[in-house]
Amino acid sequence: MLAGSQLRVDIRFAKRVLIAYNHPMNEKELVIHARGGDRDAFNELISNYIDKIYRLGFKVSGNEEDAQDILQETFLKAIDKIESFRSEASFGTWLYSIAMNVMRGCFAQRKKMALKPIEDYAPDHSDTGSSGLFKWNDPHEMFENSQIQGIIDDFIAEMPEENSTPFILRYIEEMPVKEIAGVMGLSVSAVKSRILRARLALREHISSKMEEKMP
Amino acid sequence: MKDCTEYIQNLCSYVDGEADDSICKEIEKHLKDCPECRVMVDTLKKTVVLCKEGEKKHLPAELRAKLKSALEKKWKERFGNEADEETPPDGEK
Ligand SMILES: [Zn+2]
Ligand SMILES: [Zn+2]
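The rules behind these values
- Residues numbered from 1 in each chain as written.
- Chains lettered and ligands numbered in written order.
- Predicted model: local features only at pLDDT ≥ 70, side-chain atom pairs only at ≥ 80, totals over all residues.
- Heavy atoms only, no water.
- Helix = DSSP H or I, 4+ residues; strand = E, 2+ residues; numbered from the N terminus.
- Buried < 20%, exposed > 50% of the residue type's maximum accessible area, 1.4 Å probe, protein only.
- Contact = heavy atoms within 4.5 Å.
- Buried area = accessible area lost by both parts, 1.4 Å probe.
- Salt bridge = Lys/Arg side-chain N within 4 Å of Asp/Glu carboxyl O.
- Polar contact = N/O pair within 3.5 Å; in protein donor to acceptor, adjacent residues only side chain to side chain.
- Nonpolar A, V, L, I, M, F, W, Y, C, P; charged D, E, K, R; others polar.
- Donors = N, O, S within 2.8 Å, 3.2 Å for Na, K, Ca; no water.
- Tetrahedral: all angles 85-135°; square planar, octahedral: opposite > 155°, others 65-115°.
- Domains from an automatic or database assignment.
- Expected span 1.5 Å × (residues − 1).
- Axes fitted to C-alpha atoms, helices over the stretch in contact; angles between N-to-C directions.
- Parallel < 35°, antiparallel > 145°, perpendicular 65-115°, else oblique.
- Left-handed = near helix turned anticlockwise from the far one by under 90°.

Here we look at the overall build of chain B
- For chain B, the helix and strand inventory stands at four helices and zero strands.
- Counting helices and strands in the order they occur from the N terminus, chain B gives α-α-α-α.
- Buried positions account for 38% of the 93 residues belonging to chain B.

A look at the interface of chain B and chain A
- The interface is formed by 52 residues belonging to chain B together with 64 residues belonging to chain A.
- Summed over both sides, the interface between chain B and chain A buries roughly 5500 Å², with carbon and sulfur atoms accounting for 61% of that surface.
- Between Lys74(B) and Asp80(A) there is a salt bridge, with its nearest N and O atoms 3.0 Å apart.
- Where chain B packs against chain A, one counts 23 residue pairs in polar contact (both at pLDDT 80 or more).
- Looking at the side of chain B that touches chain A, the elements that each hand over two or more residues are α1 (5-15), α3 (35-53) and α4 (61-79) of chain B.
- When its residues are assigned to classes, the side of chain B that touches chain A shows 23 nonpolar, seven polar and 22 charged.

Some points on the coordination of the zinc ion (ligand 1)
Residues and elements named next belong to chain B.
- Cys 4 (SG), His 30 (NE2), Cys 34 (SG) and Cys 37 (SG) make up the full set of protein donors to the zinc ion (ligand 1), lying at 1.9 to 2.4 Å.
- Metal-centred angles of 102 to 114° between the four donor atoms at the zinc ion (ligand 1) mark the site as tetrahedral.
- Spacing between the donor residues of the zinc ion (ligand 1) along the chain follows C-x25-H-x3-C-x2-C.
- Relative accessible area serves as the criterion here: at 2%, Cys 34 is assigned to the buried category.

Brief notes about unusual backbone geometry
- A positive phi angle is found at Glu174(A), which is not glycine, with a value near 55°.
- Inspection of the secondary structure puts Glu174(A) in the loop between α9 (161-171) and α10 (177-184).

Considering the domain arrangement of chain A
Residue and element names in this part refer to chain A.
- For chain A, the assigned domains are domain 1 (11-107) and domain 2 (133-213).
- Counting residues at the interface gives 14 residues for domain 1 and 15 residues for domain 2.
- Here domain 1 and domain 2 share an interface that buries about 1300 Å² over both sides, 64% of which is from carbon and sulfur atoms.
- Put simply, domain 1 and domain 2 have two salt bridges between them.
- A salt bridge links Asp 153 to Lys 59, with the shortest nitrogen-to-oxygen separation between them at 2.8 Å.
- Inspection of the region where domain 1 meets domain 2 yields two residue pairs in polar contact (both at pLDDT 80 or more).
- When contributions to the side of domain 1 that touches domain 2 are tallied by element, the ones reaching two or more residues are α4 (50-61) and α6 (91-107).
- The leading source of residues in the side of domain 1 that touches domain 2 is α6, at seven residues.

Points about helix α8 (residues 145-158) of chain A
- Across its 14 residues, α8(A) extends 20 Å between first and last C-alpha, which sits within 8% of the 20 Å expected from 1.5 Å per residue.
- Within α8(A), burial applies to Ile148(A), Gln149(A), Ile151(A), Ile152(A), Phe155(A), Ile156(A) and Ala157(A).
- Close packing links the buried residues of α8(A) with α4, α7 (139-142), α9 and α11 (188-213) of chain A together with α3 of chain B.

Let's talk about the packing of α1(B) against helix α2 (residues 21-33) of chain B
Residue and element names in this part refer to chain B.
- Put simply, α1 and α2 touch, their axes get as near as 10 Å, and they point 110° apart. When the axis of α1 is compared with that of α2, the two are roughly perpendicular. Crossing of α1 against α2: the hand is left-handed. Of α2, the residues touching α1 (which contributes Tyr 7, Asn 10, Leu 11 and Tyr 14) are Ile 23, Cys 24, Glu 26, Ile 27, Glu 28, His 30 and Leu 31.
- Here the contact of α1 with α2 is composed, by residue class, of seven nonpolar, two polar and two charged.

A short note on the pattern of salt bridges
- The tally for this structure, following the rule as stated, stands at 17 salt bridges over all chains.
- Put simply, Lys57(B) and Glu64(A) hold a salt bridge, and the shortest N to O gap is 3.1 Å. With Lys57(B) in the loop between α3 and α4 and Glu64(A) in helix α5 (residues 64-81), this residue pair bridges two chains.
- The residue Glu73(A) makes a salt bridge to Lys77(A) at a minimum N-O spacing of 3.4 Å. Taken together, the positions of Glu73(A) and Lys77(A), both in helix α5 and four residues apart, correspond to about one turn of that helix.
- Residue Glu73(A) is classed as partly exposed on the basis of its relative accessible area, which comes to 34%.
- With a relative accessible area of 34%, Lys77(A) lands in the partly exposed category.
- Within the structure, one salt-bridge network assembled from shared partners comprises Arg39(A), Lys68(B) and Glu72(B).

See below:
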């Protein structure tokens, strides 16, 4: 005969199996269950975002402790505010927007380098002609991949997070611009110009590292 | 001929294949005459390729366990012990 606690564990397990295979709850149902105190439903909701938000925090901050803090703080806030989630937005968008606020708080005190205005990255033909852009052939011939990744990560972590965040979401998490705009509470064109600035700055930085390496 | 500055605003959309046709045509016309902007387009593309080559970091197992217990604690504060908890009721082993 099963002991009461054993039975309870089995029911819990059976419920998980049911959720996973027979009746996969959609996001809306999961949210309703989570609001009612069903921790499994909440865990299911956040499961896809743990690594994503951790990576975002790590790229933006450049270190694991901050990434862990950002991740934990985001989910704690989500538990606190679960009732305020309205299903017009997707759960992911809502979660990311909480992460944005957490990061804003986290980096408010920190001094980050300022990026140049977009126009300043344009090729300049006006002067002596020494401003030629440096053409990279195969970057892998100059650097090992881990070195390149180090250069990229260090530079992204130095950028203001208003530029690095949309850049990371766009090109590393492959989020559409429209969704980034929703997450950040910005217009599509504002997001585009932040991404462009980050991309131009990073391009220029990689270029200067490549040039340094040239014999 | 327009200055390169006027093209740079749209280079990202162009490179990502998201620019309007008319803008694409204008940029392509400019690229024919401007080796500098050609290098710019090429290296902007490579920048993103390099970013994507980075390994995708995952939350390490010990941090995952730490996160799990922090969230459990918070959940109990918020919702109390639910009926489906693994905690056996009083009197049971
Ligand atoms: Zn040009
Ligand atoms: Zn030109």
